[in-house]
Amino acid sequence: MDMRQLRYFVMVAEELSFSRAAERLHMSQPPLSQHIKLLEEDIGVQLFHRTRREVKLTDAGAVFLRESRLLLGQMKTAVSATVRAAQSDAGVLRLGVATSALFHVLPTIIEMVRERYPGVEVSVSDMQSQDQITAVSHGQLDIGLVHIRPDRSKLLRMPIYQEHYMAVLPQGHPLADKADFTLADLADEPMIALSRESGPTVFDAIVASCYEAGFSPSFKHAARSPLTIFQMVRLGLGVALVPRSYASSAYPGVLFRALPPTAGQVRMEAIWSEKHASELTLKIARDILPRLGTGARADTDA
């Protein structure tokens, strides 16, 4: 069975006449009849009742007509999408994002893609950095936006963004109006953070920053998302360190205090696979990703 036989079948089913169907198909009737006979033999079902006076669909033929139209429609859609993708900048970009990228990097990328490639649909998955590395390596994501960490996977990568930390305090906290506020001021505070399972790179970076500031953080509560952190802070369970972009959430009941650049920073990079990259992925990597960073250059891991 092939798509040509399906088209022949649908034409006969619509005309209920082999002669008229053959005329519309610009072919003679005997080969058309032979194709339908072979189709019936192939699937083992009689599709038409034939007499000298009329041609009628069997019940099975009516079901096959419905399904054949769906298949032919899907094939037409697939061909059209393929042609559009070849002739223009169209398609689906499967984009993975670490949570902090949702606040700043992702909106920027979406705006750039819509401006430069209006025919591209962006499909976004909020995923941990390590999960993105795996997905990109296996061709399940086109581009990942991850926190920079040592990694041996042979992926192309480009630094795209870095930001400092901010402290998240409940409203009315004694440190809310302290002058010359520094990370060391949080040394005796119970702290809330994304669990290491939910954000290992950010968790480790925060711990390292606290050590640099001269203290070991006292993590009393773990969260799975930024909103959970904010709510825990709002309830007075502790304070938190988060990437600066989180402050754009304007969560009620908490306030954000800037920290000096020496408090550390979170760095992000884009990753993609040379092996699995589509033409669209390569265009995005070439045209858009460099505009996110400052002269960043893509190269491979050692």
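Cut-offs used in this document
Chains are numbered independently. Their residues run from 1 in the order of the written sequence. In keeping with the model being predicted, local features are shown solely for residues with a pLDDT of at least 70 and side-chain atom pairs are shown and tallied solely at 80 or more, while totals for entire chains, interfaces and linings include all residues. In computing side-chain properties, one takes all heavy atoms of the structure into account and sets aside hydrogens as well as water. Helix and strand definitions here come from DSSP, where helices need a minimum of 4 consecutive H or I residues and strands a minimum of 2 consecutive E residues; each element is numbered from the N-terminal end. Our radius of gyration is a C-alpha quantity, and the globule rule it is checked against amounts to 2.2 Å times the number of residues to the power 0.38. When a residue's accessible area, from a 1.4 Å probe over protein chains only, is under 20% of the maximum for its type it is buried; when over 50% it is exposed; and in between it is partly exposed. By definition, residues are in contact when any of their heavy atoms lie within 4.5 Å. Residue exposure ignores everything except the shown protein chains as possible cover, and the areas themselves are Shrake-Rupley values with a 1.4 Å probe. Planes of paired rings set the category: under 30 degrees apart is stacked, over 60 is edge-to-face and the rest tilted, where pairs are Phe, Tyr or Trp rings (Trp by its six-membered ring) whose centres lie within 6.5 Å. Definition used in this section: a nonpolar core is a set of buried Ala, Val, Leu, Ile, Met, Phe, Trp, Tyr and Cys residues joined via side-chain atoms within 4.5 Å. Every case where a carboxyl oxygen of Asp or Glu lies within 4 Å of a side-chain nitrogen of Lys or Arg is listed as a salt bridge. Predictor confidence is given residue by residue as pLDDT, running from a minimum of 0 to a maximum of 100. Here, strands pair whenever DSSP counts at least two bridges between them. The directions from the helix axis to the C-beta atoms form the arc being described.

As a further point, take the overall build of the chain. Assigned secondary structure in the chain consists of 10 helices and 12 strands. By the compact-globule yardstick of 19 Å for 302 residues, the chain is too spread out, its C-alpha radius of gyration being 30 Å. Counting only C-alpha atoms and orienting by the principal axes, one finds that the chain spans roughly 100 × 40 × 35 Å. Counting over 302 residues, the chain shows a buried share of 42%. Relative to all contacts within the chain whose residues are 6 or more apart in sequence, the contacts with residues 24 or more apart total 73%. Total accessible area on the chain is roughly 16,300 Å²; 51% of this is exposed by carbon and sulfur atoms.

With that out of the way, let us pick up the side chain of threonine 281. Note that threonine 281 resides in helix α9 (residues 279–287). Residue threonine 281 is classed as buried on the basis of its relative accessible area, which comes to 0%. Look past the residues within four positions of threonine 281 in its chain and what remains in contact with it is Leu93, Asp142, Ile143 and Trp272.

So, about the packing of aromatic side chains. A full pass over the atoms with the stated rule returns eight aromatic pairs. An aromatic cluster of three or more residues is present, and its members are Phe103, Phe230, Tyr246, Tyr251 and Phe256.

Okay, the nonpolar core next. Membership of the largest hydrophobic core comes to 26 residues, with the highest contact counts inside it found for Val105, Ile143, Leu145, Ile160, Trp272, Ile284 and Leu289. Among the secondary structure elements, those contributing two or more residues to this core are β3 (90–97), α5 (105–116), β5 (143–147), β6 (156–170), β11 (265–272), α9 and α10 (289–292). Counting residues per element, this core draws most heavily on α5, at five residues. Beyond its immediate chain neighbours, meaning those up to four positions away, isoleucine 143 contacts Leu93, Arg94, Leu95, Gly96, Val136, Ala270, Ile271, Trp272, Thr281, Ile284 and Leu289. By size, the runner-up hydrophobic cluster in this structure holds 19 residues, among which are Ala22, Val55, Phe64 and Leu72.

Okay, the pattern of salt bridges next. Evaluated as defined, the whole model comprises 11 salt bridges. Between glutamate 14 and arginine 69 there is a salt bridge, with its nearest N and O atoms 3.4 Å apart. Here glutamate 14, found in helix α1 (residues 3–15), pairs with arginine 69, found in helix α4 (residues 59–87); they are 55 residues apart in sequence, far enough to count as distant. Residue class for glutamate 14 comes out partly exposed when judged on its relative accessible area of 41%. One salt-bridge network, held together by shared partners, links Glu15, Arg20 and Arg24.

Below, the discussion takes up unusual backbone geometry. The backbone of leucine 16 shows a phi angle near 50 degrees, a positive value even though the residue is not glycine. By the secondary structure assignment, leucine 16 is in the loop between α1 and α2 (18–24). We classify leucine 16 as partly exposed; its relative accessible area is 38%. The phi dihedral of histidine 26 is positive, around 60 degrees, even though this residue is not glycine. Residue position: histidine 26 is located in the loop between α2 and α3 (29–43).

Low-pLDDT portions of the prediction should not be read for the details of their coordinates. Residue-level pLDDT values for the chain average 87, and 93% of them are 70 or greater. Throughout residues 294–302 the model reports pLDDT below 50, and contacts reaching past four residues in sequence, or to other chains, amount to 18 contacts.

Our focus in this paragraph is the pairing of β11. In terms of burial, β11 is largely enclosed, as six of its eight residues are buried. Taken together, the four bridges between β5 and β11 define a ladder with antiparallel strand orientation. Along β11, the bridge assignment pairs leucine 145 with alanine 270. Where β6 meets β11, eight bridges bridge the pair, whose relative direction is antiparallel. In the sheet register, glutamine 162 faces β11, and the bridge partner there is arginine 267.

Residues Pro226, Ile229, Phe230, Met232 and Val233 constitute the buried set of helix α8 (residues 226–234). Viewed along the axis of α8, the buried residues span an arc of 165 degrees, placing them on a single side of the element. Its buried side turned inward, α8 meets β6, β7 (190–194), β8 (218–223), β9 (239–243) and β10 (254–258). Where α8 ends, the next residue or the one after it, glycine 236, has phi of about 80 degrees, a positive value.

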